[in-house]
Amino acid sequence: MVVKFIMAQLDPQASSRSFSPQRIFRLALATLVAFAAVFLLALVMPSIERHLDKWGLLPRHEQLTELYIPNAKNLPASYTPGEEHTVLFEIRNLEGEAQTYNYIITARKESGGVVMELDKGSIRVDSNQTRDVQLSATLHDLGKRIYVQVELSNGQKVGYWLGHETK
Amino acid sequence: MNILHITKKYPDALGGDSVVVSNLEKQQWKNGHKVSILTSNCDEIKPKSRLYKFGLKDKPAALDNITPRRLLSLGHLFFKSFQVIRRERPDIIHTHSIDMAFAASIAARIYRVPMVHTFHIVTFHDEKQSWLRRKTELLFKRGANPKVVTAPDQADVDHLIDAGVKNAQLLPNGIDLKFWHDTDTVHNEVVTFIAAGRLEEQKGFEYLIKAAKILKNSTSKPFKVLIAGSGSLQQELGILMMDLDVTDRVELVGRRSTKELRKLYSSSDVAVIPSLYESTPLTLLEAWAVKLPVISTPVGILQGNTQHKNDVKLVPVQDEKALARAMRELLEKKDKRDKLAKRGHEAVQQYAWSEIYKTAEAMYEGVLAEKPTQVAAAEPKADMVAAPAQQAPVDNKQVNERNLMLGMTAISLGLLGTAGMLSGTINAFATLPLAVLVPGLLLRLGAFRELAGKALAATLSIASALGILLITVESLLANWLLPVFGVDDPLRAAYLVPLHMLLTLVLLGIYLQKYGNVAKETVYRLHISFMQTVRFVVPLLLPLLAAAGAFRQNNGFGNEITLIALAAMAIMAIWFVAKPTILNPVWLLFNIALGLLLSTSLRSWFVSGFDIAQEFQVFNLALQNHHWDLNAIPGNAYNACLSLTTLPAALAEFSGITAEYIFKYFYQIVFALTAVVIYLLGRRFADTRGAFLVGLFYVAQAQFIGTMPAIVRQQIGLLFFALIVYLLIEKGKLTKANAWLMGLLGAGIVVSHYSTTYVAIFILAATAAVLWALRIKPISRRLPAFNPMISAVTVSVLAVMLIAMSFLWYSVINASSSNVKNTLSRSWQALIHFEGFTYDKNGTRTQLLLGGSRESTPPENVYKYKEGMSIPEDIKPTRAETLPVKNEAATWVADRLRDFLSVVVKVLLPVSPLILLLVRRTRTEVADLAFLGVGSLATFVAFFALPALSQSYNIERVLQQALVILSITGLWAMWVILPRRKMLNTTLTCAFVLLFFVLSPGTGLANQIIGGTTPRMNLNSLGEEYQKYYVSEGEVRSAQFLRDNCQREQIWADRYATLRVTAYAGAPYDSIESDILKMDTGCLMLDRANVEDNLYYAHYKGLNVRYTIPDAAFNRHNLIYSNSSAQIYQR
């Protein structure tokens, strides 16, 4: 019944024709071909997508790294020479693959010149992941205002100013 | 009837098929048909009109064999057949060689010309033929698949039927009896045997010569054998004659013309046909016609149990002895000769061409009766409301309108209901377009069926606009009414989709109830020919290429694909202008418009442009809150535009498409329809070419390509406006349907975009003023020639209605009209105190307009800014990049040409309405449009000259709106003032628009190739536009960081970084401080241009400022965020 109905929709004159096995075969074949086409399409789709991507025809994320100071609103405003100062920063890796970031943390005088290396190291961040780095370093007396800077090997920087605070 | 014969040979190339075709052709011409011939490239075939040759030069004898040369020629025939069929437009094609039929069959199918084939020789049943030849012949027959196959004798017809060729018919060879009767018989003392034909193996002359030898040896009676013809065996037969020592009896007389052959026959006594195989030999009929007795092998009509067995002396094939015996009998018995001659002469009467022709004619008519009418198949259906079913031919490829709408509605509702499970691609290309189009079509066909504009393009454009309007209204109703029932988030798919489905079903119900029966009788042909498919697919490549080009550039590749897309647009436009029948102008124009828009809108994976940033902000607010709040941004006019709030929110909810792509992709499709409406408007006054040029001129404008995708709120409004103009310039009395639809579209403009509404009001009011003025008696007495069909009342009512609706919407409901009030008040003050009319004193605005170059920010503005704003830092001006000049001369020529075109446009467009009104040969409808043109011109001048107006609203956008009318009046005026020589006039107009398209800074095509111009964002990843408007992912992430970490702080960003902050940090545009060097406290975002190029932008007293600053400018700030293209400072 169902087949007869479908055939009637496909061909309005079907009702006046004989219900031949040949036509059922054709319908079945057409259905099979349609399924095979969908199946093949599903099979080749990843390959098509790969090629489209290779030719630059699919949206790509920019490869970038975010370096930032979390909770920037609550950054310390001052430092006390000889005391430990905590530096906190975060790296989000959006480069598309795992990266190892080398970083260097420095402090310098407002007038420039004297630069104090507080720490350096490296950190591995998986793709699309964020990692924070927190470390403490003793700050020497570098003047009324100092600039604490985190710099990655790719040149990206963040930093903030601290005023001098005496005990 | 127009008949095309495709034949291997044609006179004077020797061959039976050549003679048959020639005779058939003569009869067909005689009976009033037009006949053309497509034949081989032989020197023997003399050129004449309607005769086409194909392939490499060849000898007639070589044409019967498959050689590499012949194969190449058949390859050429494949292409040549397209050209010949296109040129001759035959009703039927009659082929005479199966390999040629196969080669030409594709073209015949594409052009839907039925094919008839005649097998002059049937070989596939003959085992003496090579297996390859037999199989190939069958294969060719199956491939060519002619409607009817004929053979010249019944035996061959039977062979064909046995081989499975069910449609085989008999079409005997014929003879021109009059010609062959017209001769005097000469009696020889020596009995002469004559044989004629090509000297090829198939003809069996070898056996005739051998028989002559036997006869010579067996009788003393003198005789002579003449063999007429030429061919590849000439030398071999000569050698055979010498070897057999029959040169005294057998003579090869060479190739003879038909007349010479007739003379030869009349001076002979017996005709001999020793053929090994062939269809009915013409020599048999010729011999019979000249009353010669015939000795023949059983070929053609002499095969099998033939009716002619007593009309000839039959001998077996390849049997020289039997042949010699028969020759001897006739040589010796004159009475036998006379008896056979008489019987043959009686037999030949039935093969007179006049009789055979009737059979051929009946066969052609039978074939054509089966074929659907060619016009219906070849021409795209223009009218949506088709002829009633009973008038249309019965065809199962037809569908009636009711079923079509039921099917479309079912598919649309099915897609909408399952949109959440479908891929984004399906939703983007099917769910969303159908969700708009189907209810729009139901409305168009149900409520506005009587509308005059029934062209398919008009129907679809109006339906799309109605669909957009419907979704706007339903989303607004949901937004307002559902909260009454406690729903706080009414703009969710959960509510919007069922509501939309319900409304669609209601519309379907109304449509069926009102027009169900009419729709049932309105049928459309579903069949789409190959050519129609090509016509559909080829222009579709344009937006696809443009999108691909934009994507590649976004991913860091070059601009080659975008350039190819633009070049393809230019080539297709030129192609169409040169040959307007080749592509569908509406579809081509739509795709060019869409391609141009997408080339800009799809740049960047985020919203790119200027106002679009704020538009995206209000859209996002409605989308994320699932509710449109009138007071979300108090007084903000953008938030009052439903085309930016509830409409895109509903579209995004329907389809799940990313918010950005509702603007970047879907709105561009809707806006591209404006070009279609302008084409339709142009079509009222011009032919397809003229209307296409109008549309092309409109879309080639710099502001269409560069500005409109960056201001999406105007796109919807402009479509509504263009449709109103289209309905307004309607011939005859204003119908109810037109009036209602104009009212609805007017409401659509109002809720979509305030400025488009105000400009529309200006245009309509100015037009109404002109029309009313013409009714004042002293004026109408002096200007009797002006008798506008356009009604002053209609235009006035429309203007008043727009004023009332905009007042209601923007003042009463939204309270967002303070800007308008201020602007109007300032303009009024300026007018009454004579402050206004500052016509572009420094020329910068003129440079931006009407095809002028897009000037970068002048460096001197920096000093004015620094002084005026007391900027403390050491800022320096900087020049914007230009593309390097690749060829000085070419750049100079292009610049001069562009300047010339620009001057023509600047002068012509404004005065064009006046030209049309003053030149008498203008048609009334054009004059009507000219009245609207005068209104547009007045609006344009007002916005251009009144500082209060021009400062409040971008003049480019006024121009784009006015161009809906002025582009038509402009080109029409050009046509009117050019010399009245049609060819020259057409050429100049076409050249003007096409040059404008190529040279305009809008497309930027020419200068991309030759250099020397400002880079454009759609084509380059450098330059000022790119720096200002291209939004990178780094900038978006930076803005999002700003949003999350700098709440309730003062935000700072330069003029264009502000756009990123507005769109992606959600900060109100007006709250952002852009004089960043004055930053004291808060957060500052630097965008890509700031970080990578140390370039900053400001806006000071209407001036654009571009500057660089010292590296240490922000050294006193905390740098709290950085990525490769953006930074955030805090202080």
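The structure we're discussing is the one just above.
Residues numbered from 1 in each chain as written. Chains lettered and ligands numbered in written order. Predicted model: local features only at pLDDT ≥ 70, side-chain atom pairs only at ≥ 80, totals over all residues. Heavy atoms only, no water.

**Digging into the sheet that holds strand β1 (residues 2-7) of chain B**
Residue and element names in this part refer to chain B.
For step 1, the next point in the chain: Read from one edge of the open sheet, seven strands run β3-β2-β1-β4-β5-β6-β7, paired in parallel fashion. The two strands at the open ends of the sheet, each matched to only one other strand, are β3 (51-54) and β7 (168-170). The sheet shows a mean angle of 25° between the axes of neighbouring strands, taken without regard to direction.
For step 2, the next point in the chain: Pairing of strand β2 (residues 34-40) with β3, which is carried by four bridges, proceeds in the parallel orientation. Looking at the pairing, Thr 39 lines up with Lys 53 of β3.
For step 3, the next point in the chain: Packed on one face of the sheet, helix α2 (residues 68-88) meets β1, β2, β3 and β4 (92-95) and runs near 150° to β3. (Pairing = 2+ DSSP bridges. Helix = DSSP H or I, 4+ residues; strand = E, 2+ residues; numbered from the N terminus. Axes fitted to C-alpha atoms, helices over the stretch in contact; angles between N-to-C directions. Contact = heavy atoms within 4.5 Å.)

**Quick look at the packing of aromatic side chains**
Residue and element names in this part refer to chain B.
For step 1, the next point in the chain: The tally for this structure, following the rule as stated, stands at 40 aromatic pairs over all chains.
For step 2, the next point in the chain: Three or more aromatic residues joined by ring pairs make a cluster, and in this case those are Phe 606, Phe 616, Phe 619, Phe 663, Tyr 667 and Tyr 1064.
For step 3, the next point in the chain: Sitting over the face of the ring of Phe 179, Arg 262 holds its NZ or CZ atom 4.2 Å from the ring centroid.
For step 4, the next point in the chain: Between Arg 449 and the ring centre of Tyr 515, over which it is positioned, the NZ or CZ distance is 5.0 Å. (Phe/Tyr/Trp six-rings, centres within 6.5 Å; stacked < 30°, edge-to-face > 60°. Lys NZ or Arg CZ within 6 Å of the ring centre and 35° of its normal.)

**Quick look at helix α38 (residues 955-977) of chain B**
Residue and element names in this part refer to chain B.
For step 1, the next point in the chain: In this model α38 runs just 28 Å from its N-terminal to its C-terminal C-alpha over 23 residues, more than 12% under the 33 Å that 1.5 Å per residue would give.
For step 2, the next point in the chain: At Leu 963, α38 shows its maximal kink, close to 55°.
For step 3, the next point in the chain: The element α38 is extensively covered by neighbouring structure, given that 21 of its 23 residues are classed as buried. (Expected span 1.5 Å × (residues − 1). Bend = angle between axes of the 7 residues up to and from the residue. Buried < 20%, exposed > 50% of the residue type's maximum accessible area, 1.4 Å probe, protein only.)

**Some details on a positive patch on the surface**
For step 1, the next point in the chain: A contiguous patch of positive charge on the surface is contributed by Arg 86, Arg 87, Arg 89 and Lys 579 of chain B.
For step 2, the next point in the chain: Here Lys 579 of chain B lies in the loop between α20 (560-578) and α21 (585-601). (Patch = residues over 30% accessible without salt bridge, like charges linked within 9 Å, V, L, I, M, F, W, Y side chains within 5 Å. Areas by Shrake-Rupley, 256 points an atom, 1.4 Å probe, with all protein chains shown as cover. Salt bridge = Lys/Arg side-chain N within 4 Å of Asp/Glu carboxyl O. Lys, Arg positive; Asp, Glu negative; His and termini not counted. Charge placed at Lys NZ, Arg CZ, Asp CG, Glu CD.)

**Focus on the nonpolar core**
Residue and element names in this part refer to chain B.
For step 1, the next point in the chain: If you look at the biggest cluster of nonpolar residues, it comprises 265 residues, and the most contacted ones within it are Ile 592, Phe 692 and Leu 696.
For step 2, the next point in the chain: Those residues in contact with Ile 592 that lie beyond four places of it in its chain are Leu 542, Met 569, Ala 573, Phe 692, Leu 696, Val 699 and Phe 997.
For step 3, the next point in the chain: The next biggest cluster of nonpolar side chains, apart from the first, holds 42 residues, and it includes Trp 180, Leu 282, Ile 356 and Ala 360. (Core = buried A, V, L, I, M, F, W, Y, C linked by side-chain atoms within 4.5 Å.)

**Some words on the environment of Phe 697 of chain B**
Residues and elements named next belong to chain B.
For step 1, the next point in the chain: Within the secondary structure, Phe 697 is located in helix α25 (residues 688-699).
For step 2, the next point in the chain: Along the primary structure Phe 697 and Ile 968 are separated by 271 residues, whereas in three dimensions their C-alpha atoms are 9.1 Å apart.
For step 3, the next point in the chain: Leaving out residues up to four positions away in the same chain, Phe 697 has contacts with Val 905, Leu 909, Leu 963, Ser 967, Leu 971, Phe 992, Val 993 and Phe 996.

**Things to note about the pairing of β2 of chain B**
All names here are of chain B.
For step 1, the next point in the chain: Burial runs high along β2: six of the seven residues are buried.
For step 2, the next point in the chain: As paired strands, β1 and β2 are joined by six bridges and run parallel to one another. When the bridges of β2 are listed, Leu 4 appears paired with Ser 36.
For step 3, the next point in the chain: In this view, the connection linking β1 to its parallel neighbour β2 by way of helix α1 (residues 16-30) has right-handed handedness. (Right-handed = clockwise from strand over helix to strand, strands pointing away.)

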